[in-house]
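Listed below, chain by chain, are the residues.
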Amino acid sequence: MGILLKQLFSLIRLLNSDTGHKSIAAGITCGFILGMTPNFSLQSAFIFVCLFIFRIQIGAAFVAAFFFSFIAWALDPVFHSVGSTILEANSLQSLFVNLYNQPIIPFTRFYNSIVMGSGAVSFLLAPIIYVASIVLIKKYRATILERFKQTKLWKAFKLSVVYQWYRKYESLYG
Amino acid sequence: MDKIKTKKIKKGIFRFEAILPTLFILGLICLYLVFFFDHNIRKALEWGLTHAHGAEVNIAQVKTSVKDLKVGIYGVQFTYDRDPKLDVVRFDEISLHFIWKALLQAKYIVPDSNIKNIQTMVERKKPGRVLKLSDKTGYRGIQSGVENNIKEQVSENIVSDLYQLSKGTDVDDQLKSLQYELKSDQYVKNLEKEIKEKEEYWKKRIDQLPKKEEFKKYEQRAKALSAKSKNGLEIAGRVKEASKLYKEVQATIQSYKTTSSDLKKDVSKYSNEIKGIDKLIKSDLQGIKNKLKIPSINPSDISKGVFFPIIQSKLVEFKRYIAMVQSYLPEKKKENKEQVVVPRKRGRGKNYYFPKKNSYPKFWIKNVNVSSTVNEKGVNGNFAGKITNITNNPKHIGLPIIADIKGDAPQQQVRGIQALITVDHREDIPKETVEFSVDSFPTKNLVLSKGSDLAISMAKSLLASKISATHSNNNIQLNLKNEFKQPNYNVEGKSESLKKVVLSTLNKMPALTLNGSVKGTWKDFDLSLNSNFGSELSKAFKQKINDKVKEAEDKIKSKLFGSSEKAKEKLQSRFKKFSSGSLSDLKGKEGHLDKIKKEISDLKNGKGALKKLKSESLKKEGKKLLKGLFK
């Protein structure tokens, strides 16, 4: 429960920060793909490399991966049936035979029904998740966050010494 | 308020500031691979092999080369779980050479590998750790089933049993503690009661029959009828009376005859039932003999009893290694497997295979060269052979796993070792076969029979052995041929005479043979064993044992069935006396009545004369009437 709350707070903190919304949305999308993939495979490694190379919010990725892995666990039967359908498709057999006997490709474990199903679903939904994340983050920041900043409670809190100390700490070590 | 403002820097899409940390992490990984990876692999292998083998496995060094994809494992020692001071097998070097082409396809292919300098039964520097049965994985905890099955089929120490019987005291002791309900005893009691009731019934029935007084009355009446008379009417009256008397006597005779016949039937019935006591005594005796486990002098039983520990160990070893091989190979889908609800693990799914013709399976060691030569460093065996096609998918490559190894260990005087092991999992029903033979193997202190009354062991001998075993679909067939040459026996026992008989029998044999077979499933198999030891010992013991078995049987008979026998004899004589007395009495009376009947029958014969007499007097009367008419 502690980890869950910690992750949740870190996500809220991230949303409330000045971090770019595209960076956070990309992080959420990467986390979505990571969370959907059942075990570590080549595609997971690829996502990690992307996280390091590109300016993607790593924290958002890990938080999203953490939450989406729960959803994925519940969706495993769906992934299995989607994956089985793809892997058993007659028209794709020759492609799979070729891929299976190619170098590197087998490390993706595409031949596993759940890996294939979750991979297909997550890569298909990734652009939607990205766009949806941008929209939601923007909306959150424009409405909820702004409204909260206008409350008397927040204004009072901002005048407090505790907040001043926090701002100072944030600017130095944040 | 917002005095403290952070300077906003426009950042690009690439995270250039992460280059250094990434390089640092990569550097750390490289350092780990160079300095710690081999050590960790060694530790992981030791842990895994120890749990698979069930006793400590030590590895001196592991060397990996990423560039050449080579793995070298040096100084591998497998502790012997029965004697942790020894290594059951030790390899100086195992080298594996993977190929890049396959590894890039996530397949682990070893075209050629080597196992060098094999040693067996070598003393360890310090005793190895043996895992507890509960810690042992998979195939290690399966021996109890086999042991129980063998125990059911063999009398564990038949030689000692024979000795116990030959002493003659065992039966007495066993009888004291034996709780056995004698069917014959109960039967005799019931029969006794029934016969007593029948006796009373017959006494009553015989008493109800006409007695001697009535016979006298018949005689008197007959005598009265036989008095002379010339009066025709009187004669006619007597004849009538005689006829009536005849009928009465006839009826009495009939009642005697019916009674006699019924009695005879009962006599026959109860005679048979009394004879039935013998059958029940026999059945009771057999039941008690079974309970007492009186051994039969069957050479096969003696062989089974004596060689029980040897066969047991061989079977347990065989089952252990079959289970070990099976645990690493794909299992056939079990039908009607009980569904157990367990928390679902993520990402299991179903793996699909898309093999190409002549493509690689997931794991395949094509060839393992086994070589070992005796040298000054302490290697004690000359071995040569090959293990081919170790794979996770034998169906795909279409070849079975075959291990063919030959050699000898001169220092240990082990010569002519040949092992051919075939593990064929190409079909749905897997089949494993083992052919093993050794021309000469020195045995020391081999215990053949261990009992408090008699213990036989072989101080030393040279064993020539041939074992062939097949396992398929949980069915086993094991054939064993052993010959112990130049044996040196030790016989210990309480009885000097018994020791002498056993020792002289054993010393007469130039070699001790032990041939056997096991057929069936692991849970239910037939064990067949024969040995010249069994037949020779049974010959020597035969007369002695026969006498003692007879003596024991007689003892049981007299002890348990003495009362039944006596009761039976008493019952028989009593019934005989009663039945013969009653029957002779009835017969005597019947004879008497016959005599009376005959006399009355003679009286009845007077009926014709009376008729004659009647017609003559009528004629006379007629003549008188005619004369009166003509006057």
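Up top is the structure these notes are about.
Criteria and thresholds
Residues numbered from 1 in each chain as written. Chains lettered and ligands numbered in written order. Predicted model: local features only at pLDDT ≥ 70, side-chain atom pairs only at ≥ 80, totals over all residues. Heavy atoms only, no water. Helix = DSSP H or I, 4+ residues; strand = E, 2+ residues; numbered from the N terminus. Buried < 20%, exposed > 50% of the residue type's maximum accessible area, 1.4 Å probe, protein only. Contact = heavy atoms within 4.5 Å. Areas by Shrake-Rupley, 256 points an atom, 1.4 Å probe, with all protein chains shown as cover. Salt bridge = Lys/Arg side-chain N within 4 Å of Asp/Glu carboxyl O. Core = buried A, V, L, I, M, F, W, Y, C linked by side-chain atoms within 4.5 Å. Buried area = accessible area lost by both parts, 1.4 Å probe. Polar contact = N/O pair within 3.5 Å; in protein donor to acceptor, adjacent residues only side chain to side chain. Nonpolar A, V, L, I, M, F, W, Y, C, P; charged D, E, K, R; others polar. Pairing = 2+ DSSP bridges.

Some thoughts on the overall build of chain B
Alright, step 1. Of the regular secondary structure elements, chain B holds 15 helices and 14 strands.
Alright, step 2. Within the span of chain B, comprising 631 residues, buried residues form 39% of the whole.
Alright, step 3. Contacts in chain B between residues at least 24 apart in sequence constitute 68% of all its contacts with a sequence separation of at least 6.
Alright, step 4. On chain B, roughly 38500 Å² of surface is accessible, and the fraction owed to carbon and sulfur atoms is 54%.

Topic: the environment of A:E88
Alright, step 1. Within the secondary structure, A:E88 is located in helix α4 (residues 58-88).
Alright, step 2. Here A:E88 falls in the partly exposed class, since its relative accessible area comes to 43%.
Alright, step 3. Not counting the four nearest positions on each side in its chain, A:E88 is found in contact with A:Q93, B:K350 and B:Y352.

Let's talk about the pattern of salt bridges
Residues and elements named next belong to chain B.
Alright, step 1. By the definition in use, this model includes 13 salt bridges over all chains.
Alright, step 2. The residue R426 makes a salt bridge to D424 at a minimum N-O spacing of 2.8 Å.
Alright, step 3. With relative accessibility at 19%, the residue D424 sits in the buried group.
Alright, step 4. Note that D585 is salt-bridged to K589, the shortest N-O span being 3.5 Å. One end of the pair, D585, and the other, K589, are both in helix α14 (residues 532-605), 4 residues apart, so they sit about a helical turn from each other.
Alright, step 5. The partly exposed category is assigned to D585, whose relative accessible area is 34%.

A look at the nonpolar core
Residues and elements named next belong to chain B.
Alright, step 1. Counting residues in each nonpolar core, the largest one holds 32 residues, and the members touching the most others are V249 and L593.
Alright, step 2. When residues of this core are traced back to their parent elements, those giving at least two are α7 (183-207), α8 (212-225), α9 (232-292) and α14.
Alright, step 3. By residue number, the principal contributor to this core is α9, which donates 12 residues.
Alright, step 4. Judged by nonpolar contacts, the second largest core, of 27 residues, contains V57, V76, I118 and I365.

Description of the interface of chain B and chain A
Alright, step 1. Contacts between the two partners involve 34 residues from chain B, matched on the other side by 46 residues from chain A.
Alright, step 2. Interface of chain B and chain A: buried area, both sides summed, is about 3400 Å²; carbon and sulfur atoms make up 52% of it.
Alright, step 3. Across the chain B-chain A interface, the total number found is 0 salt bridges.
Alright, step 4. At the boundary of chain B with chain A, the tally comes to 15 residue pairs in polar contact (both at pLDDT 80 or more).
Alright, step 5. Here the residues of the side of chain B that touches chain A sort into 13 nonpolar, 8 polar and 13 charged.

Quick notes on the pairing of strand β6 (residues 363-372) of chain B
Residue and element names in this part refer to chain B.
Alright, step 1. Relative to β6, strand β4 (residues 108-110) is paired through 3 bridges, and the arrangement is parallel. If you follow I109 over to β6, its bridge partner there is W364.
Alright, step 2. Strand direction decides the pairing type here: strand β5 (residues 113-123) and β6, joined by 4 bridges, are parallel. Bridge pairing in β6 links K116 to S371.
Alright, step 3. Bridging between β6 and strand β7 (residues 382-391) involves 8 bridges; their strand directions are antiparallel.

So yeah, pure geometry; function would need other evidence.
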